[in-house]
Amino acid sequence: MAAGPPGSRLLPLLLLLGPALGQGLGQTRFICTSVPLDGDVCAASALGTGSAEELKGTVLQLRETVLQQKETIMNQKETIRELTAKLGRCESQSVLEPPGEGKGRKGFSKNTMGDLSRPAAAETLSQLGQTLQSLKTRLENLEQFSRMNSSSQTNNLKDILQNKIDDLEKQVLSRVNSLEEGKLSPRNESEERGKIESTLTSLHQRISDLEKGQKDNRPPDRFQLTFHLRTNYMYAKVKKSLPEMYAFSICMWIKSSASPGMGTPFSYAVPGQANELVLIEWGNNPMEILINDKVAKLPFAINDGKWHHICVTWTTRDGVWEAYQDGTQTGNGENLAPYHPIKPQGVLVLGQEQDTLGGGFDATQAFVGELAHFNVWDRKLSPAEVYGLATCSSKALAGNVIAWAEANIDIYGGATKWTFEACRQLN
């Protein structure tokens, strides 16, 4: 036992509970404490009890402190992870991205649509520029809507949004100049990017709210889909599948200036056959229609950034097909998957080519442009019916298999909808 402090003596306080006094008190205990030479033993016993209580309180405080420090360490670890990620993004600004490789599709030539290697910063600027152009296009559509439904409130909102877009363009231009001159440090780059993206998010939300307001006032078929970027995640899905068909007519309004190739306006895949029915313009190839992986080249000239009406008709008997552009037949042929009926229970996607049922999208084959009035019939339309659709000279026919209506379409990945009226807002 350790010696007590000077002027004190160690007094063993023995609490012996004999059988006569402690039958119900359990086992005996020895308690030792340090008592001054001239101190009172009874008072020392009470003092020892108080010290134990204080020690217990101290232990509890220490335990709570340890828990708080543990929580602080966890928070600091999370902060370190965030800072490490941000530092990695900043460092990547000076590193070239490896060239992308398109996975290609069976039966087609080498990928010619992949982007060249560019610095990450330049890629970000390109995406911002495309986003700004998308916002401007949406705003132009809202302006057209406001002219037909003019009000001071709509005009004021339009002016505010236009001013914000102008400011954003100036910021992006300033950012380009700073990057070219090497003036932006990683920290300033990150801060400026955060400001621009925050403003873009706000603009997207306000324009979407305005578009939702005009959606409530338009007929269900007077809308268009826009696919802004060549990605593998932006698309629309038709809720209904196709039935078994021995003939079809597929018509739509389409607008694109993407190069090389506008991509895949639509694809229909079934179990066991991803290319059951596909319309695609890929790389430097002409537009093609695929039925059960059999191909026919279509004589379309529509990649000029203007609205065009196109139709493709087909019958399983002898595989006869016809192609129409702006109401006029531009080509025909036969032996395209003869006597092969279009299979049912598949997935119909707008804007992407499917390599698997409902997926397997490849950005190099994505559609970039605008699309409207996509209708499907289970028969061949007559030349007069096609002409009427293209010129709006008669009441528009709705597809008896797939009719163009907002309730029939789900959109994903940033594709957008807004008002479209055929033959009235052409080009």
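Up top is the structure these notes are about.
Trainee: Would you mind showing me how to read the layout of surface pockets here?
Mentor: Summary: where empty space remains is shown by rolling a probe the size of a single water molecule over the atoms. Estimated volume of the second largest pocket: approximately 460 Å³. Put simply, the parts of the chain that give the lining of the second largest pocket at least two residues each are β5 (247-255), β14 (369-377) and α5 (383-391). In terms of residues, the lining of the second largest pocket owes the most to one element, β14, which gives three residues.

Trainee: Explanation requested: unusual backbone geometry in the structure shown.
Mentor: Across the chain, the bulk of peptide bonds are trans and the bulk of non-glycine residues have phi less than zero. Cis rather than trans, the peptide bond between Ser259 and Pro260 has omega equal to -5 degrees. Looking at the secondary structure, you find Pro260 in the loop between β5 and β6 (263-270). Positive phi outside glycine occurs at Cys392, with the angle close to 55 degrees. The residue Cys392 is located in the loop between α5 and β15 (409-412) in this model. Among the residues examined, Cys392 registers a relative accessible area of 32% and is labelled partly exposed.

Trainee: Is there a simple way to explain α5 in this structure?
Mentor: Residues spaced three or four apart along an α-helix face the same direction, because each turn holds 3.6 residues. Regarding α5, the residues found buried are Val386, Gly388, Leu389 and Ala390. Elements in contact with the buried residues of α5: β5, β10 (308-315), β11 (320-325) and β14. Just past α5, the residue Cys392 takes up positive phi, approximately 55 degrees.

Trainee: Even after reading the chapter, I still don't get the state of the cysteines, so can you show me in this structure?
Mentor: Throughout this description, disulfide means a covalent bond between two cysteine sulfur atoms. Tallied over the full model, the rule gives two disulfides. Each sulfur in the disulfide pair Cys251 and Cys311 lies 1.9 Å from the other. Measuring the twist about the S-S bond at about 120 degrees, one finds the Cys251-Cys311 disulfide to be right-handed. Of this pair, Cys251 sits in strand β5 while Cys311 is found in strand β10, placing the two residues 60 residues apart along the sequence. Across this residue pair, the class does not change: Cys251 and Cys311 are buried. Each sulfur of the disulfide joining Cys392 and Cys423 lies 2.0 Å from the other. With the S-S dihedral at roughly 85 degrees, the linkage between Cys392 and Cys423 falls on the right-handed side. Of this pair, Cys392 sits in the loop between α5 and β15 while Cys423 sits in the segment after β16 (416-419), and the two are 31 residues apart along the sequence. Judged by its relative accessible area of 30%, Cys423 falls in the partly exposed class. Shown here for the chain is a disulfide pattern of 1-2, 3-4, where each number marks a bonded cysteine counted in sequence order.

Trainee: I keep staring at the packing of aromatic side chains and nothing clicks. Help me out?
Mentor: To describe a pair of aromatic rings, one takes the distance between the centres and the angle between the planes. This structure, assessed with the given rule, holds eight aromatic pairs. Where Phe223 meets Trp404, the ring centres are 4.4 Å apart and the plane angle is 10 degrees; that geometry is what we call stacked. Separated by 181 residues along the polypeptide, Phe223 in strand β3 (residues 223-227) and Trp404 in the loop between α5 and β15 bring together distant segments of the chain. For the pair shown, Phe223 and Trp404 are each scored as buried. Seen from their ring centres, Phe227 and Phe367 are 5.7 Å apart, and the 75 degrees between their planes marks the pair as edge-to-face. On the criterion of sequence distance, the pair formed by Phe227 in strand β3 and Phe367 in the loop between β13 (347-350) and β14 is long-range, its members being 140 residues apart. Classification of Phe227 as buried rests on a relative accessible area of 1%.

Trainee: In this structure, what is going on with the sheet that holds β5? I would like to understand it.
Mentor: Within a beta sheet, neighbouring strands are joined by backbone hydrogen bonds and run either parallel or antiparallel to one another. Spatially, β12-β11-β10-β5-β14-β3-β16 is the arrangement adopted by the seven strands of the open sheet, whose pairing is antiparallel. Two strands lie at the open edges of the sheet, namely β12 (328-333) and β16, each paired on one side alone. With direction set aside, neighbouring strand axes in the sheet form an average angle of 25 degrees. Judged from the five bridges that link them, β11 and β12 form a sheet pairing that is antiparallel.

Trainee: Looking at this model, I keep getting lost on the sheet that holds strand β8 (residues 288-291). Mind explaining?
Mentor: Taken in spatial order, the seven strands line up as β9-β8-β7-β6-β13-β4-β15 in an open sheet, and their pairing is antiparallel. The open sheet is flanked by β9 (294-297) and β15, the only strands paired with a single partner. Neighbour to neighbour, the strand axes of the sheet diverge by 20 degrees on average, direction disregarded. Across four bridges, the pairing between β8 and β9 is antiparallel. From the neighbouring strand, Leu290 faces β9, where its bridge partner is Val295.

Trainee: What am I meant to see in the environment of Ala398 here?
Mentor: Counting through the fold element by element, Ala398 comes out in the loop between α5 and β15. Judged by its relative accessible area of 52%, Ala398 falls in the exposed class. Ala398 sits 24 residues away from Phe374 along the chain, and the two C-alpha atoms are 9.2 Å apart. In this view, Ala398 contacts Asn375, Trp377 and Ala403; residues no more than four positions away in its chain are not counted.

Trainee: Would you explain the nonpolar core in this entry?
Mentor: Where a protein is soluble and globular, its nonpolar side chains tend to be buried together. If you look at the biggest cluster of nonpolar residues, it comprises 45 residues, and the most contacted ones within it are Leu242, Leu350 and Phe374. It is β5 that contributes the most residues to this core, four residues altogether. The residues touching Phe374, leaving out its near neighbours within four places in the chain, are Ile250, Cys251, Met252, Phe266, Leu348, Leu350, Ile402, Ala403 and Trp404. Formed by seven residues, the second largest nonpolar core is a distinct cluster that contains Cys311, Tyr324, Trp377 and Val386.

Rules and cut-offs
- Note on numbering: residues in each chain are counted from 1, in written sequence order.
- Only residues with pLDDT of at least 70 are given local features in this predicted model, and only at 80 or more are side-chain atom pairs given and counted; all residues enter the totals for whole chains, interfaces and linings.
- The basis for every side-chain value is the complete set of heavy atoms in the structure, and neither hydrogens nor water enter the calculation.
- The method works on a 1 Å grid over the protein atoms by themselves. A cavity is a set of points holding a 1.4 Å probe that cannot get out, a pocket is an open set with protein on both sides within 12 Å along at least five of seven lines, and residues with an atom within 4 Å of a point line them.
- Grid points are joined across faces, edges and corners, and a volume is the space filled by probe spheres set on the points.
- Strands are runs of DSSP state E lasting at least two residues, helices are runs of H or I lasting at least four, and both sets are numbered from the N terminus onward.
- Each residue gets one of three labels from its accessible area relative to the maximum for its type: buried under 20%, exposed over 50%, partly exposed in between, using a 1.4 Å probe on protein chains only.
- Contact criterion: two residues are considered in contact whenever any of their non-hydrogen atoms come within 4.5 Å of each other.
- Whenever a pair of cysteine sulfur atoms sits within 2.5 Å, that pair is classed as a disulfide.
- Any Phe, Tyr or Trp ring, taking Trp's six-membered ring, that has another such ring centre within 6.5 Å forms a pair; planes under 30 degrees apart are called stacked, those over 60 apart edge-to-face, and the others tilted.
- Pairing between two strands requires that DSSP report at least two bridges joining them.
- Interaxial angle, 0 to 180 degrees, is taken between N-to-C directions of lines fitted to C-alpha atoms, where a helix line uses only the stretch in contact.
- We define the nonpolar core as a collection of buried residues of types Ala, Val, Leu, Ile, Met, Phe, Trp, Tyr and Cys that are connected through side-chain atoms lying within 4.5 Å of one another.

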